[in-house]
Amino acid sequence: MRGGACSVNAPFRPARLTLTLASLSDPEELRRIDAYVARHADGTAFHRPAWLLGAARGTGNRALALVAERAGEMVGFVPLVEVHSPLFGRMLASSGFGVGGGVLLDDPRDAKTVFAALEELAARRNCPTIELRGGVLPERRAGWSIRQDSHCGFVRPLASDDEAELLQIPRKQRAEVRKGLANDLQVTVGRSERDLRAHYAVYSQSVRNLGTPVFPRALFAEVLEQFGDDADILTVWHAGEPTSSVLSLYHKGDVMPYWGGGTWHARKLRANDRMYFELMLHARRRGCERFDFGRSKTNSGAYDFKRNWGFEPEPLSYGVWTASGAEARDVDPTSSKHALLIAAWKRLPLALANRIGPLIARGLG
């Protein structure tokens, strides 16, 4: 018999798992995927169609949505961005330009079938690399490597009121926040063109100073557009100029400050400290329960900064597949291979870095 039907005496055999690429131009399909991500315990902002569409449209790459179904019901989902780079090659990333994503499944027994489909899809699309950032990962499967020591996540509950939020921050960091609160700084939150312009001015300078190519401005605009009220920009101003700014995502009671940075003057003004504290207050007021400080490379400066705020690191797991005979993809900014390039990038004039950076960054994924 077909489907899940069986006779009384026959052993139960579940309906066959089917895997298809969903149409991301179909509004009904987008709603169906969004509903699945919302009800799945491991669904993140980076699984949402809003992220897929924003990342793809904002970088010129292609979004793919691999849907697993059984008897017409969605039982699994993999959000994918097909990233192409002349410098770093092609890959399927779940999720591209995000720090989360990966395979969502109702039944982990379906994992083997899904991984086989992903490998086949990557080969068919000439992508020698697959990256899964979280989710269900393959165990002892040929071609795959799993890393659990490269990055950590930082999440903690928000406090019940403003004063409790301040007291929840360890003493040394709390003193820095108090200095930021005492300085003549203004804070705005919004989604307007002015907010985007201020954010990009600050963020592009911040990443140039770190030696990293900036993403296309369109990426921030598209993500903001696709997420609607589930994303906004908080900016700290001094003397009429943006000093620190962060674009945050809101998902299932979490706030994640995702793209944030500050100018050279931000440190002296404690503007970054003020920015994150103000975001904690703003997120609680709009109903959030947890502050997700995102991921950082283990034992990096950002890792230590988040621990100073009282966040405990949680190791993250990532899976990478490399096609047989292909060279492993290397875009790790701490790699010795890129050290000279990073040092040179830090010395570029900002206008030049902003002109050529997006051409490189759209291929990083």
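Description of the structure in this document. (Residues numbered from 1 in each chain as written. Predicted model: local features only at pLDDT ≥ 70, side-chain atom pairs only at ≥ 80, totals over all residues. Heavy atoms only, no water.)

**Topic: the packing of helix H6 (residues 193–210) against helix H7 (residues 217–227)**
Step number 1: In contact at an axis separation of 10 Å, H6 and H7 are set at 140° when each is read in the N-to-C sense. Overall, the two elements H6 and H7 adopt an arrangement that is oblique. Considering the relative orientation of H6 and H7, their crossing is right-handed. Across the interface between the two elements, Glu 193, Leu 196, Arg 197, His 199, Tyr 200 and Tyr 203 from H6 touch Arg 217, Phe 220, Ala 221 and Leu 224 from H7.
Step number 2: In terms of residue class, the contact of H6 with H7 is built from six nonpolar, one polar and three charged. (Axes fitted to C-alpha atoms, helices over the stretch in contact; angles between N-to-C directions. Helix = DSSP H or I, 4+ residues; strand = E, 2+ residues; numbered from the N terminus. Parallel < 35°, antiparallel > 145°, perpendicular 65-115°, else oblique. Left-handed = near helix turned anticlockwise from the far one by under 90°. Contact = heavy atoms within 4.5 Å. Nonpolar A, V, L, I, M, F, W, Y, C, P; charged D, E, K, R; others polar.)

**So, a nonpolar patch on the surface**
Step number 1: Together, Leu 352, Ile 356 and Leu 359 make up an exposed nonpolar region whose accessible area comes to about 240 Å².
Step number 2: For Leu 352, the position within the fold is in helix H12 (residues 350–361). (Patch = residues over 30% accessible without salt bridge, like charges linked within 9 Å, V, L, I, M, F, W, Y side chains within 5 Å. Areas by Shrake-Rupley, 256 points an atom, 1.4 Å probe, with all protein chains shown as cover. Salt bridge = Lys/Arg side-chain N within 4 Å of Asp/Glu carboxyl O.)

**Things to note about the pattern of salt bridges**
Step number 1: For the structure on display, the rule yields 24 salt bridges.
Step number 2: Two residues, Arg 32 and Glu 29, come together in a salt bridge whose shortest N-O distance is 3.2 Å. Linking Arg 32 with Glu 29, this pair stays in helix H1 (residues 27–39), spanning three residues, or about one helical turn.
Step number 3: The class of Glu 29 is buried, set by a relative accessible area of 16%.
Step number 4: Close ionic contact of Arg 48 with Asp 34 constitutes a salt bridge, the shortest N to O distance being 3.4 Å. You can see Arg 48 sitting in the loop between H1 and helix H2 (49–59) and its partner Asp 34 sitting in helix H1, a full 14 residues away along the chain. (Buried < 20%, exposed > 50% of the residue type's maximum accessible area, 1.4 Å probe, protein only.)

**Concerning the sheet that holds strand E10 (residues 231–238)**
Step number 1: Strand order across the open sheet formed by seven strands is E9-E10-E11-E12-E13-E8-E14, with mixed pairing between neighbours. Looking along the sheet, the strands with just one partner apiece sit at the ends: strand E9 (186–190) and strand E14 (313–315). Taken over all neighbouring pairs, the strand axes of this sheet differ in orientation by 30° on average, direction set aside.
Step number 2: For strand E11 (residues 241–251) and strand E12 (residues 254–262), the ladder comprises eight bridges, and the chain directions are antiparallel. Residue pairing for E12: His 251 is matched across the bridge by Asp 254. (Pairing = 2+ DSSP bridges.)

**With respect to helix H9 (residues 271–285)**
Step number 1: Across its 15 residues, H9 extends 21 Å between first and last C-alpha, which sits within 8% of the 21 Å expected from 1.5 Å per residue.
Step number 2: Most of H9 is tucked away: 13 of the 15 residues are buried. (Expected span 1.5 Å × (residues − 1).)

**Brief notes about the pairing of strand E4 (residues 89–94)**
Step number 1: Where strand E3 (residues 73–85) lies against E4, five bridges are found, and the strand directions are antiparallel. In the sheet register, Val 81 faces E4, and the bridge partner there is Ala 93.
Step number 2: Hairpin connection between E3 and E4: a loop of three residues separates the two successive antiparallel strands.
Step number 3: Looking at chain direction, E4 and strand E6 (residues 129–133) are connected through four bridges and run parallel. Bridging across to E6, Ser 94 finds its partner in Leu 132.

**Here we look at the pairing of E12**
Step number 1: Within E12, eight of the nine residues are buried, leaving the element largely enclosed by the surrounding structure.
Step number 2: The hairpin turn running from E11 into E12, its antiparallel successor, is two residues long, and Lys 252 in that turn takes a positive phi close to 50°.
Step number 3: Of the pairings in the sheet, the one linking E12 to strand E13 (residues 290–297) comprises two bridges and is parallel in character. Paired with Asp 254 across the bridge in E13 is Arg 290.

**Some points on the nonpolar core**
Step number 1: Counting 47 residues, the largest nonpolar core has Trp 51, Leu 249 and Trp 259 as its most contacted members.
Step number 2: The leading source of residues in this core is H2, at six residues.
Step number 3: Setting aside anything within four residues of it in sequence, one finds Trp 259 in contact with Trp 51, Phe 97, His 199, Tyr 203, Phe 215, Leu 219, Phe 220, Val 223, Ser 245, Val 246 and Leu 247.
Step number 4: Counting residues in hydrophobic clusters, the runner-up holds 28 residues, among them Ile 169, Tyr 250, Met 275 and Tyr 276. (Core = buried A, V, L, I, M, F, W, Y, C linked by side-chain atoms within 4.5 Å.)

**A closer look at the layout of surface pockets**
Step number 1: One number sums up the size of the second largest pocket: a volume of about 720 Å³.
Step number 2: Broken down by secondary-structure element, the contributors of at least two residues to the lining of the second largest pocket are strand E8 (151–157), E11, E12, E13 and E14.
Step number 3: Counting residues per element, the lining of the second largest pocket draws most heavily on E13, at four residues. (1 Å grid on protein atoms, 1.4 Å probe; cavity = no way out; pocket = protein on both sides within 12 Å on 5 of 7 lines; lining within 4 Å. Points joined across faces, edges and corners; volume = space filled by probe spheres on them.)

**Considerations on unusual backbone geometry**
Step number 1: With an omega dihedral of 0°, the bond running from Ser 94 to Ser 95 counts as a cis peptide bond.
Step number 2: With respect to the element layout, Ser 95 can be found in the loop between E4 and strand E5 (104–105).
Step number 3: In the Ramachandran plot, Ala 239 falls in the positive-phi region, its phi being about 55° despite a non-glycine side chain.
Step number 4: Of note, Ala 239 is situated in the loop between E10 and E11.

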